[in-house]
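Working through the structure, step by step
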Amino acid sequence: MESEQTQKYSFVAKAFHWGFILLFGYGIFKQVDELEQLADQALLEFELVFAIAFLFLLVARFIYMKRTQTSSLPANTSKLQQYAAKIVHYGMYMCLASISISGILIGVLYWSGIKSGSIINGVIGVHEFSFTLIYVLIAIHISAAIYHRFLCDGVWNSMVPFWKEKLD
Ligand code: HEM
Ligand code: HEM
């Protein structure tokens, strides 16, 4: 019964989900540690191209997911839990958008010669706050995924290709 209720994500949906984890991880690994580093023109250009491509793919992912996929939560999941999942998912999308948009703004400001002052510091503040928030949301998201793994309700299997639930 449970496996009937549980919808499987398409290959494209899974590729977006896991591909973004790699892309985001790479972005963090390559992160700019100090504003002064942007004086290196090649780094500034790379960061800008990366952030624009990231934002473009994020919008493509969001449109694809909204148009073609639905959550794998079983139909009998409480309304509260459904809202909580929605808030965390939308929250992660908003943080990823805010990280790339604020990053692009930092680059554009720096390129235009605005290298210090309250405007660029404010945008850096938004960039850093979005990271603080997304780390909290990702921790909640992964905890919820593991919780569903123990519930064995098919949610884990619908997205995760390892440590499969044994559904009968
Ligand atoms: C950077 C880390 C992550 C982000 C930003 C993220 C984001 C998302 C988002 C936005 C969704 C909703 C479907 C979509 O729009 O693609 C989702 C679904 C899901 N994710 Fe993640 N995820 C992350 C890491 C993980 C990890 C590490 C796991 C498991 C170990 C996981 C397990 C799942 C599962 C099981 C679903 C399906 C939930 C449902 O259908 O309601 N995610 N993820
Ligand atoms: C998706 C793209 C990006 C990712 C994943 C990313 C990643 C990060 C991370 C992890 C931090 C540290 C945040 C913290 O300490 O809480 C950071 C800070 C920063 N990033 Fe980005 N970034 C991106 C785009 C950009 C772009 C396009 C620029 C500018 C061209 C930029 C400039 C900066 C600056 C100036 C800081 C602050 C350094 C400081 O504390 O002085 N980022 N970024």
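No experiment lies behind these values; they were computed from the predicted model shown.

Bringing the site of ligand 2 into the picture now. Ligand 2 sits among 24 residues. The nearest are Gly-27, Gln-31, Ala-51, Gly-103 and Gly-107. Contributions of two or more residues to the shell around ligand 2 are made by α2 (11–29), α3 (41–68), α4 (79–111) and α5 (118–151). Its residues assigned to classes, the shell around ligand 2 shows 14 nonpolar, six polar and four charged.

What follows concerns the packing of α3 against α4. As a packed pair, α3 and α4 sit with axes 9 Å apart at the nearest point and diverge in direction by 150°. With respect to their mutual orientation, α3 and α4 come out roughly antiparallel. The crossing of α3 and α4 is left-handed. Only Tyr-93, Leu-96, Ala-97, Ser-100, Ile-101, Gly-103, Ile-104, Gly-107, Tyr-110 and Trp-111 of α4 make contact with α3, whose side of the interface consists of Leu-44, Glu-47, Leu-48, Ala-51, Ile-52, Phe-54, Leu-55, Leu-58 and Phe-62. In terms of residue class, the contact of α3 with α4 is built from 15 nonpolar, three polar and one charged.

Not every one of the 22 residues close to ligand 1 is listed here, only the nearest: Met-65, Ser-71, Ser-72, Ala-145 and Met-159. If you list the elements that add at least two residues to the shell around ligand 1, you get α2, α4, α5 and α6 (155–159). Counting residues per element, the shell around ligand 1 draws most heavily on α2, which supplies five residues. Of the residues in the shell around ligand 1, the class split is 16 nonpolar, six polar and no charged.

To continue, consider the nonpolar core. Counting seven residues, the largest nonpolar core is built from Ala-51, Phe-54, Leu-58, Cys-95, Leu-96, Ile-99 and Ile-134. Listed by contribution, the elements that provide at least two residues to this core are α3 and α4.

To continue, consider α3. Over its 28 residues, α3 extends 40 Å from the first C-alpha to the last, a length consistent with the 40 Å expected when each residue adds 1.5 Å. Looking only at α3, the buried set comprises Glu-47, Ala-51, Phe-54 and Leu-58. Check the buried side of α3 and you find it contacts α2 and α4.

Under the 1.5 Å per step criterion, the end-to-end length of α5 is 49 Å for 34 residues, consistent within 8% with the ideal 50 Å. Residues of α5 that are buried: Val-123, Ser-130, Ile-134 and His-148. For α5, the elements touching its buried residues are α4 and α6. Taken from the residues just after α5, Cys-152 is the one with a positive phi, measuring 55°.

Rules behind the numbers
Residues numbered from 1 in each chain as written. Chains lettered and ligands numbered in written order. Predicted model: local features only at pLDDT ≥ 70, side-chain atom pairs only at ≥ 80, totals over all residues. Near = placed C-beta within 6 Å. Helix = DSSP H or I, 4+ residues; strand = E, 2+ residues; numbered from the N terminus. Nonpolar A, V, L, I, M, F, W, Y, C, P; charged D, E, K, R; others polar. Axes fitted to C-alpha atoms, helices over the stretch in contact; angles between N-to-C directions. Parallel < 35°, antiparallel > 145°, perpendicular 65-115°, else oblique. Left-handed = near helix turned anticlockwise from the far one by under 90°. Contact = placed C-beta atoms within 7 Å. Core = buried A, V, L, I, M, F, W, Y, C linked by C-beta atoms within 7 Å. Buried ≥ 20, exposed ≤ 12 C-beta atoms within 10 Å, placed from the backbone. Expected span 1.5 Å × (residues − 1).

None of the figures reported here should be taken as evidence of function without further support.
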